[in-house]
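Understanding the architecture of this molecule
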Amino acid sequence: MNIPAAAAASRRPPLMPLDDALARLLARAAPLGAAEDIDTFDADGRVLAEDLVSALQVPPRDNSSMDGYAVRAADVRPGQAMPVSQRIAAGHAGEPLAPGTAARIFTGAPIPAGADAVVMQEEAVANENGTVSFAAQPAAGQWVRASGEDVRRGQIVLERGTRLSPASLGLAASIGFARLSVAARPRVALFSTGDELVMPGAVPPEAMPPGAIYNSNRFFLRALLARLGCAVTDLGIVPDSREATLAALRQAAQGHDLILTSGGVSVGEEDHIKPAVEALGTLDLWQIAMKPGKPFAYGQVRRDGGGESGDACHFIGLPGNPVSSYVTFLLLVRPFLLKLQGPHALDVAAHGLPAHFALPRADKRREFLRARRNAAGGLDLFDNQSSGVLTSAQWGDGLVDNPAGCTVAPGDRVRYLPFSELLG
Ligand code: AMP
Ligand code: MG
């Protein structure tokens, strides 16, 4: 049946709200399951595949948090000299403290049995005859770090699903883990589409042919994928043709968990991604009510031998415009890739901050505006919010999440998502 273009357009399904798209995407992101054992040194950014239970107390014993003298507080008489009966440095165990004496002690050294307080050396007078006097009465427990005050034996120190940070690595090491079981890296095949794309380095700026632009998406997408612990196969630039797109998708589906593309995903004649994915699998969502980033696609591409219900590879098609590609990666692909690596909190901590800008025209779509915090505690907006202007993503330190149909007046509180949260 022939449907006139105008009627066809009016029958186009409404744009999908971002939250619905994210929920659908996450529902498809079943954790990959496989885990690998890696050196703790290499585990920053990876997702822990098992609970880490401590087999010891941290600190293992009560120890001094100061350089000074370990005493039994009740034995001290202010102004009266006490014999110094021993010297205990970090890494050495002392003898039980002889009653009525003090032990010279250093930071991190175990408190000897019988002592219950440390007097810092700045508050002690070392006498020439080897004794020590204290000006004030110490309180029992002062400057003593208690055994287990950091970690107790049997405690779960890091839970399965935790995204490991530098602090996590230190904490895991503090309970003796030299290796960690982490979720396998998602295997991602990446390609850019567009006949206009040229790789930097291949052609110098002064020799760029008419209509050519440098491929910028490929650079930030690879960097973003690496931060999320992915193993990336970069398939380069795929020409704008049905055959080339089909061939690239077929190849990419083998041995990967996700195919990630940029460009070619809108409805132009040169946009080959959508029909190619439909030919090789299914395309499940399409066109999101957000700005930038409307043309976003999720689907699955069958692997060789995978029948209708068989083995398939996730597919995500990002828009070609650099800012659209960047923002949709942060808001949709990032949580998807984290979920593939295990169950853990995906929420991004947003702030309510005052707008130091005006947005007098409401948009039909939910907008993500590149903004940055100013010294007055408010938000400034980059002056060009075009989805092609990548400078806005560099200038900004986050996104203002402005609901559909809303204007903003200076002083209004807006929802702000820092890039520091979205890039981690
Ligand atoms: P498309 O989604 O393919 O229609 O592309 C939309 C816009 O983004 C066009 O202006 C493209 O030239 C541009 N574009 C597409 N891919 C890239 C890329 N990898 N790097 C920079 N710009 C791109
Ligand atoms: Mg294109």
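Located above this text is the structure these notes cover.
Residues numbered from 1 in each chain as written. Chains lettered and ligands numbered in written order. Predicted model: local features only at pLDDT ≥ 70, side-chain atom pairs only at ≥ 80, totals over all residues. Heavy atoms only, no water.

For the rest of this paragraph, the subject is the overall build of the protein chain. Scanning the protein chain for helices and strands turns up 9 helices and 26 strands. Relative to a compact globule of 424 residues, whose C-alpha radius of gyration would be 22 Å, the protein chain shows 30 Å and is clearly more extended. A total of 424 residues make up the protein chain; the buried ones form 45% of that total. Of the contacts made within the protein chain by residues no fewer than 6 positions apart, 70% connect residues no fewer than 24 positions apart. A total of about 20,300 Å² of accessible surface is found on the protein chain, and carbon and sulfur atoms cover 52% of it. Put simply, the protein chain has 39 plus and 44 minus side-chain charges, and the middle of one group is 4 Å from the middle of the other. (Helix = DSSP H or I, 4+ residues; strand = E, 2+ residues; numbered from the N terminus. Rg over C-alpha atoms; globule rule 2.2 N^0.38 Å. Buried < 20%, exposed > 50% of the residue type's maximum accessible area, 1.4 Å probe, protein only. Contact = heavy atoms within 4.5 Å. Areas by Shrake-Rupley, 256 points an atom, 1.4 Å probe, with all protein chains shown as cover. Lys, Arg positive; Asp, Glu negative; His and termini not counted. Charge placed at Lys NZ, Arg CZ, Asp CG, Glu CD.)

Scanning all chains against the criterion turns up 5 aromatic pairs. An angle of 65° between the planes, with centres 5.9 Å apart, marks the rings of Y69 and F134 as edge-to-face. Here F134 lies in strand β9 (residues 131–134) and Y69 lies in strand β4 (residues 68–71), a separation of 65 residues in the sequence. With 5.2 Å between their ring centres and 85° between their planes, F220 and Y326 make a pair best called edge-to-face. Of the two residues, F220 is situated in helix α4 (residues 217–227) and Y326 in helix α7 (residues 322–340); the sequence distance between them amounts to 106 residues. Each member of the pair, F220 as well as Y326, carries the same accessibility label: buried. Cluster of aromatic residues (ring-pair linked, three or more members): F220, Y326 and F419. Here the guanidinium or amino end of R104 rests over the ring plane of Y69, the centre of that ring lying 5.0 Å away. (Phe/Tyr/Trp six-rings, centres within 6.5 Å; stacked < 30°, edge-to-face > 60°. Lys NZ or Arg CZ within 6 Å of the ring centre and 35° of its normal.)

In this section: the sheet that holds strand β17 (residues 258–262). Pairing is mixed across the open sheet formed by 6 strands, whose spatial order is β16-β13-β17-β21-β20-β18. What marks the edges here is a single partner per strand, and that holds for β16 (231–238) and β18 (281–286). Within the sheet, the average angular offset between the axes of one strand and its neighbour, ignoring direction, is 20°. The pairing of strand β20 (residues 297–302) with strand β21 (residues 312–318) spans 6 bridges and is antiparallel. Directly across from V301, in β21, lies its bridge partner C313. Against the sheet, helix α6 (residues 273–280) touches β13 (187–193), β17, β18, β20 and β21, its axis set at about 135° to β18. (Pairing = 2+ DSSP bridges. Axes fitted to C-alpha atoms, helices over the stretch in contact; angles between N-to-C directions.)

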